[in-house]
Amino acid sequence: NAGVMQNPRHLVRRRGQEARLRCSPMKGHSHVYWYRQLPEEGLKFMVYLQKENIIDESGMPKERFSAEFPKEGPSILRIQQVVRGDSAAYFCASSPNESGGAAEQFFGPGTRLTVL
Amino acid sequence: GQQVMQIPQYQHVQEGEDFTTYCNSSTTLSNIQWYKQRPGGHPVFLIQLVKSGEVKKQKRLTFQFGEAKKNSSLHITATQTTDVGTYFCAGQASGGSYIPTFGRGTSLIVHP
């Protein structure tokens with residue numbers, strides 16, 4: 001059973017460009033979380049999605065950031081008009097829990113975004 | 001909003017010494033999870049605690065959940081160089097929240 005997959009692993013963008021980060025959850029998992037991590041800091045929650053639904057996006061900036069988890073295909077975190085402050089590691093995690101609540105999360109390897 | 005504090009931020013130990021990291025929540029938790037992240041890697045789930053006063057062991061690792069379900073600790077006995085990494089706690093607030101709040105983590109450095 002393949003784990004959570006994220007691509008690309010490393011992404012370099014110039015200021016003003018768009019960054020698209022992809023996450024394929026573990027097989028059978030319908031819950032996806034996106035986190036952002038700055039060096040030597042914890043994981044900051046951004047958004048929680050189920051298939052075709054955004055459940056909680058309270059941690060995601062209102063502007064430039066968007067996320068989706070379509071019926072088919074991976075979850076995508078999109079950052080438009082990137083700025084240097086967007087440079088960070090972005091982790092996706094998936095969970096099998098169908099009713100929400102307590103469930104371990106399986107993390108992908110992350111996408112390291114560098115904005116020049 | 002809910003806050004999860006974790007101390008210490010860094011801990012240097014000699015190989016063979018014990019190590020403990022502490023996690024405190026500003027609100028009562030329904031459960032707490034612990035993760036380990038190796039340098040350059042991604043968080044890996046270690047354990048979940050649900051019951052008040054719960055204690056769980058995994059080989060040299062001992063996890064505790066406080067009676068009030070607001071704090072937790074991870075203790076490693078006789079550290080090894082393979083224990084190097086950052087240990088995060090993540091608490092889910094009681095009341096049905098789906099979102100775990102992560103502590104900032106404790107980075108463990110083991111000197112051979």
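Residues numbered from 1 in each chain as written. Chains lettered and ligands numbered in written order. Predicted model: local features only at pLDDT ≥ 70, side-chain atom pairs only at ≥ 80, totals over all residues. Heavy atoms only, no water.

### What about the layout of surface pockets?
Roughly 410 Å³ of internal volume is contained in the largest pocket. Along the wall of the largest pocket there are 23 residues; nearest its centre are Gln-37, Pro-39 and Glu-40 of chain A together with Gln-37 and Thr-86 of chain B. Those elements that place two or more of their residues in the lining of the largest pocket are strand 9 (88-95) of chain A together with strand 9 (85-93) and strand 11 (106-111) of chain B. One number sums up the size of the second largest pocket: a volume of about 310 Å³. Arg-36, Glu-41, Gly-42, Leu-43 and Lys-44 of chain A are the residues nearest the centre of the second largest pocket, which is lined by 18 residues in total. Considering each element in turn, the lining of the second largest pocket owes the most residues, four residues, to strand 5 (residues 43-50) of chain A. Of the residues in the lining of the second largest pocket, the class split is eight nonpolar, five polar and five charged. (1 Å grid on protein atoms, 1.4 Å probe; cavity = no way out; pocket = protein on both sides within 12 Å on 5 of 7 lines; lining within 4 Å. Points joined across faces, edges and corners; volume = space filled by probe spheres on them. Helix = DSSP H or I, 4+ residues; strand = E, 2+ residues; numbered from the N terminus. Nonpolar A, V, L, I, M, F, W, Y, C, P; charged D, E, K, R; others polar.)

### Topic: the sheet that holds strand 8 (residues 75-79) of chain A
Residues and elements named next belong to chain A. Strand order in the open sheet made by the four strands is 1-3-8-7, with antiparallel pairing throughout. Only two strands of the sheet have a single partner each, and these edge strands are strand 1 (5-7) and strand 7 (65-68). Sheet twist, expressed as the average angle between the axes of neighbouring strands with direction ignored, equals 15°. Direction of pairing for strand 1 relative to strand 3 (residues 19-24): antiparallel, over a ladder of three bridges. Directly across from Met-5, in strand 3, lies its bridge partner Ser-24. (Pairing = 2+ DSSP bridges. Axes fitted to C-alpha atoms, helices over the stretch in contact; angles between N-to-C directions.)

### Side note on the interface of chain A and chain B
Contacts between chain A and chain B engage 23 residues on the former and 21 residues on the latter. Across the interface of chain A and chain B, roughly 1700 Å² is buried in total on both sides, 57% from carbon and sulfur atoms. Here chain A is connected to chain B by zero salt bridges. Where chain A meets chain B, there are four residue pairs in polar contact (both at pLDDT 80 or more). Of all the secondary-structure elements, those providing two or more residues to the side of chain A that touches chain B are strand 4 (31-37), strand 5 and strand 6 (53-56) of chain A. Counted by class, the side of chain A that touches chain B contains 11 nonpolar, seven polar and five charged residues. (Contact = heavy atoms within 4.5 Å. Buried area = accessible area lost by both parts, 1.4 Å probe. Salt bridge = Lys/Arg side-chain N within 4 Å of Asp/Glu carboxyl O. Polar contact = N/O pair within 3.5 Å; in protein donor to acceptor, adjacent residues only side chain to side chain.)

### A few points about the state of the cysteines
A disulfide bridge is the covalent bond that connects two cysteines by way of their sulfur atoms. Summed over all chains, the structure comprises two disulfides over all chains. There is a disulfide in this structure between Cys-23 of chain A and Cys-92 of chain A, and the S-S distance comes to 1.7 Å. Between Cys-23 of chain A and Cys-92 of chain A, the S-S torsion sits near -40°, and that sign places the bridge as left-handed. Placement of the pair is Cys-23 of chain A in strand 3 and Cys-92 of chain A in strand 9, with a sequence separation of 69 residues. On the basis of relative accessible area, Cys-23 of chain A is assigned to the buried category, the value being 0%. You can call Cys-92 of chain A buried: its relative accessible area is 0%. A disulfide bridge connects Cys-23 of chain B with Cys-89 of chain B, and the sulfur atoms are separated by 2.0 Å. Its S-S torsion of about 75° marks the bond between Cys-23 of chain B and Cys-89 of chain B as right-handed, since a negative value means left-handed. (Disulfide = S-S within 2.5 Å. Buried < 20%, exposed > 50% of the residue type's maximum accessible area, 1.4 Å probe, protein only.)

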